[in-house]
Amino acid sequence: MLPPIPNLADYGISPEYGFLPAELPLERLPDPYYNKWEAIVLNLQGLILSKRLRGVIDRLPVLSTIGLEHDSEWRRAYSLLGFMAHGYIWGGDSPAEVLPAAISVPLLAISEHLEIPPVATYAAVCLWNFKPLFIDEHVDNLENLATLTTFTGSIDESWFYLVSVAIEARGAPTIPLMLNAIDAARGNDSATVTLCLQKFAERLDDLGALLQRMHEGCDPRVFYDRIRPFLAGSKNMEEAGLPNGVLYEDATGARSYRKYSGGSNAQSSLIQFFDIILGIVHRTTGEKKDTASEKEGSAPPPKNNFLLEMRKYMPGPHRRFLEDVGLVANIREYVEANSDNAELRIAFDACLAMLSAFRDVHINVVTRYVVMKSRESRSRSKSPEVTRRKLDIASSSRDVKEGDDKKNLKGTGGTALIPFLKQARDETAEPSVEPWARRYMSKSRRPRGQEDFFLGKLNEHADGADGICGLAGTWTAEDDTGGLCHY
Ligand code: HEM
Ligand SMILES: N[C@@H](CC(=O)c1ccccc1NC=O)C(=O)O
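In what follows, the accompanying structure is described. The structure presented is a predicted model; accordingly, all values stated were derived computationally and were not measured.

Scoring rules and cut-offs
- Residues numbered from 1 in each chain as written.
- Chains lettered and ligands numbered in written order.
- Predicted model: local features only at pLDDT ≥ 70, side-chain atom pairs only at ≥ 80, totals over all residues.
- Heavy atoms only, no water.
- Helix = DSSP H or I, 4+ residues; strand = E, 2+ residues; numbered from the N terminus.
- Areas by Shrake-Rupley, 256 points an atom, 1.4 Å probe, with all protein chains shown as cover.
- 1 Å grid on protein atoms, 1.4 Å probe; cavity = no way out; pocket = protein on both sides within 12 Å on 5 of 7 lines; lining within 4 Å.
- Points joined across faces, edges and corners; volume = space filled by probe spheres on them.
- Nonpolar A, V, L, I, M, F, W, Y, C, P; charged D, E, K, R; others polar.
- Expected span 1.5 Å × (residues − 1).
- Buried < 20%, exposed > 50% of the residue type's maximum accessible area, 1.4 Å probe, protein only.
- Polar contact = N/O pair within 3.5 Å; in protein donor to acceptor, adjacent residues only side chain to side chain.
- Contact = heavy atoms within 4.5 Å.
- Axes fitted to C-alpha atoms, helices over the stretch in contact; angles between N-to-C directions.
- Parallel < 35°, antiparallel > 145°, perpendicular 65-115°, else oblique.
- Left-handed = near helix turned anticlockwise from the far one by under 90°.
- Near = heavy atom within 4 Å.
- Sits in = over half its atoms within 2 Å of the grid points.
- Donors = N, O, S within 2.8 Å, 3.2 Å for Na, K, Ca; no water.
- Phe/Tyr/Trp six-rings, centres within 6.5 Å; stacked < 30°, edge-to-face > 60°.
- Lys NZ or Arg CZ within 6 Å of the ring centre and 35° of its normal.

For the chain, the helix and strand inventory stands at 21 helices and seven strands. Accessible area of the chain: about 20,900 Å², with a carbon and sulfur share of 53%.

Bringing empty space enclosed by the protein into the picture now. By the definition in use, this model includes four cavities of 30 Å³ or more. The computed volume of the largest cavity comes to approximately 910 Å³. Lining the largest cavity are 41 residues, and of these Ser 264, Asn 265, Ala 266, His 362 and Val 366 sit closest to its centre. Of all the secondary structure elements, the ones that give two or more residues to the lining of the largest cavity are helix H6 (122-127), helix H7 (155-171), helix H11 (220-231), helix H12 (269-278), helix H14 (305-311), helix H17 (342-380) and helix H20 (417-429). A total of eight residues in the lining of the largest cavity trace back to one element, the largest contributor, which is H17. By residue class, the composition of the lining of the largest cavity is 25 nonpolar, 12 polar and four charged.

The next point concerns H20. Here H20 spans 19 Å end to end across 13 residues, near enough to the 18 Å set by a 1.5 Å rise per residue. Of all the 13 residues making up H20, 10 are buried; the element is thus mostly covered by neighbouring parts of the structure.

Mapping Thr 174 onto the fold places it in helix H8 (residues 174-186). In terms of polar contacts, Thr 174 uses its side chain to reach the backbone carbonyl oxygen of Gly 171, at 2.6 Å. In this view, Thr 174 contacts Phe 200, Arg 203, Leu 270, Phe 273 and Phe 274; residues no more than four positions away in its chain are not counted.

As a packed pair, helix H4 (residues 71-90) and helix H5 (residues 101-114) sit with axes 9 Å apart at the nearest point and diverge in direction by 140 degrees. Judged by the inter-axis angle, H4 sits oblique to H5. For the pair H4 and H5, the crossing hand works out as left-handed. Mapping the contact onto sequence places Asp 71, Trp 74, Arg 75, Ala 77, Tyr 78, Leu 81, Gly 82, Met 84 and Ala 85 in H4 and Ala 102, Ile 103, Pro 106, Leu 107, Ala 109, Ile 110, Ser 111, His 113 and Leu 114 in H5.

Our focus in this paragraph is the layout of surface pockets. Roughly 380 Å³ of internal volume is contained in the second largest pocket. Lining the second largest pocket are 18 residues, with Tyr 11, Gly 12, Asp 71, Arg 75 and Pro 317 sitting closest to its centre. Those elements that place two or more of their residues in the lining of the second largest pocket are H4, H5 and helix H15 (316-328). Per-class residue counts for the lining of the second largest pocket are 10 nonpolar, four polar and four charged.

For the rest of this paragraph, the subject is the site of ligand 2. Around ligand 2 there are 13 residues in total, and Ser 164, Arg 228, Gly 263, Asn 265 and Thr 412 lie nearest to it. The contact in question runs from a nitrogen atom of ligand 2 to an N or O atom on the side chain of Thr 412, over 2.7 Å. Expressed as a share of its isolated accessible area of 410 Å², the protein-covered part of ligand 2 is 88%. Assessed atom by atom at 2 Å from the grid points, ligand 2 resides in the largest cavity. Of all the secondary structure elements, the ones that give two or more residues to the shell around ligand 2 are H6, H7 and H11. By residue class, the composition of the shell around ligand 2 is six nonpolar, six polar and one charged.

Attention shifts here to the coordination of the iron atom of ligand 1. A lone protein donor contacts the iron atom of ligand 1, and this donor is His 362 (NE2), found at 2.1 Å. Position of His 362 among the secondary structure elements: in helix H17.

It is the contact of H7 with helix H9 (residues 190-211), at a shortest axis distance of 10 Å, that shows an interaxial angle of 170 degrees. Taken together, the axes of H7 and H9 lie roughly antiparallel to each other. Contacts from Val 163, Ala 166, Ile 167, Arg 170 and Gly 171 of H7 reach H9 at Arg 203, Asp 206, Leu 207, Leu 210 and Leu 211. Per-class residue counts for the contact of H7 with H9 are six nonpolar, one polar and three charged.

The subject of this paragraph is the packing of aromatic side chains. Under the definition given, this model contains 16 aromatic pairs. Taking the centre distance of 5.9 Å and the plane angle of 20 degrees together, the rings of Phe 273 and Phe 321 count as stacked. Residue Phe 273 is found in helix H12, and its partner Phe 321 is found in helix H15; the two are separated by 48 residues along the sequence. Residues Phe 273 and Phe 321 agree in their burial class; the two are buried. Ring geometry for Phe 306 and Phe 420: centres 5.1 Å apart, planes at 85 degrees, overall edge-to-face. Of this pair, Phe 306 sits in helix H14 while Phe 420 sits in helix H20, and the two are 114 residues apart along the sequence. As far as burial versus exposure is concerned, Phe 306 and Phe 420 are alike and both buried. Through a chain of ring-to-ring contacts, the aromatic side chains of Phe 83, Phe 151, Phe 160, Tyr 161, Phe 223, Phe 230 and Tyr 369 assemble into a single cluster. Taking NZ or CZ as reference, Arg 54 lies 5.7 Å from the ring centre of Tyr 88, over its face. Geometry around Tyr 248 places Arg 258 over its ring, the cationic atom sitting 5.4 Å from the centre.

Turning next to the site of ligand 1. Taken together, the neighbourhood of ligand 1 is formed by 28 residues, with Asn 265, Arg 359, His 362, Gly 413 and Thr 415 sitting nearest. Note that an oxygen atom of ligand 1 is positioned 3.2 Å from one of the side-chain N or O atoms of Ser 264. For ligand 1, an oxygen atom lies 2.7 Å from a polar atom in the side chain of Thr 415. Comparing atom positions with the cavity grids shows ligand 1 to sit within the largest cavity. Secondary structure elements with two or more residues in the shell around ligand 1: H7, H17 and H20. With seven residues, the single largest contributor to the shell around ligand 1 is H17. In the shell around ligand 1, the residues fall into 18 nonpolar, nine polar and one charged.

Given below as structure tokens:
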């Protein structure tokens, strides 16, 4: 008996909004008992700027979670406390090592309820922190989105979170679409599988275009200097001034040091869903494919620990959804078993090409927003001592020496970012079946200059225009971005 195909409602996932809550995030907690939390967060930027946040939180009473009823109230409370916690830790001249009971006690209880760590995760700052500007317009449109809370009050910070929110919303319909494809593959309905893959490829292409809009509203300097420090975690933060992590107190009065990763989009269930559905396997950074041991038939190389670890930073039901989809994902095997079906092969490889192009765009974003900024910070520095300290908070870097910064830079999640991201991008191409697609997605063999490439027939023009319609684009020598677009 095949395991059942997951039913979205069982995991709090909506076919329209995906991992975003189907019911809009609350703009404030309804019970006036929580007014003190709301008042602090309303003034968060001012309190951080004037360095008065810690004093205010030090005087805050420990509130109970008894007044939280509906799920959306628990989510709002989690987001509020996540912002307060990171504002408290990172909003001073040096990081705070002790989280006051007024934050840690309710945050631990709420985290347990939502099955997510007690920090400012991707869910706290993105998934549960937006509102539509016009209620009758969709949230997959960046122009219709606003954030509820930011550390800095800058439009750059809002935009930074909102690009992710729009990606979640725009990507959401691919979830029911691809679960349907699994069902069609079970029934050997290759026409439906092909159609689903074609639609999926087009959506992935849209998401890459959304990611590319990051620079429209978020300045790399503002991101690196002002926003990013607040997103940092407490793991591997010895150099930044947190050798033991952060001390939390729970409801029983027990105190313990804890270390958590910072917020990261790697905590987005949507992108991990894409990998699972397409049968993409990520290995530990540095681990190569087809090792001798694999050929001999012994254990496969270990899966990427970071991406698996990041699942623990997703809300419990979303994490379980990914596990359960992993049990039923059959598309890659179906395409391999039907390799004589050219349309199916092309549609599958188009998805891989689009996701690979998405990851290319992302690598460019990370280069502009983190790698180049960290270099500039250092070259501008007059006082190495002070700059070094600030840099460590901003980049979570350890042992940064002149010249090998790219190797030593760390993401807020704690990865050696560029090697990790490039490997994840390359692994995206591995399941491809078309030899030409493999070639095009392989970095080393990618055409240089302004050479166009063509991914073959995808689907007919919606407007009925004749001729073959496909995926085409240009890889530029300048930034090596897979500029895939369809025409
Ligand atoms: C200025 C914007 C961004 C920066 C600087 C950035 C930076 C990073 C870094 C450094 C990592 C490595 C993991 C870590 O250690 O934290 C990462 C991972 C990741 N980011 Fe971003 N990111 C940005 C925006 C986005 C957006 C909008 C998305 C949208 C989906 C995204 C998707 C991902 C994914 C999926 C991963 C996991 C690696 C992978 O699956 O390829 N990032 N990001
Ligand atoms: N890992 C990123 C941060 C990051 O991507 C992120 C962190 C918190 C919430 C959302 C994030 N990503 C995207 O919008 C960094 O190292 O700067």
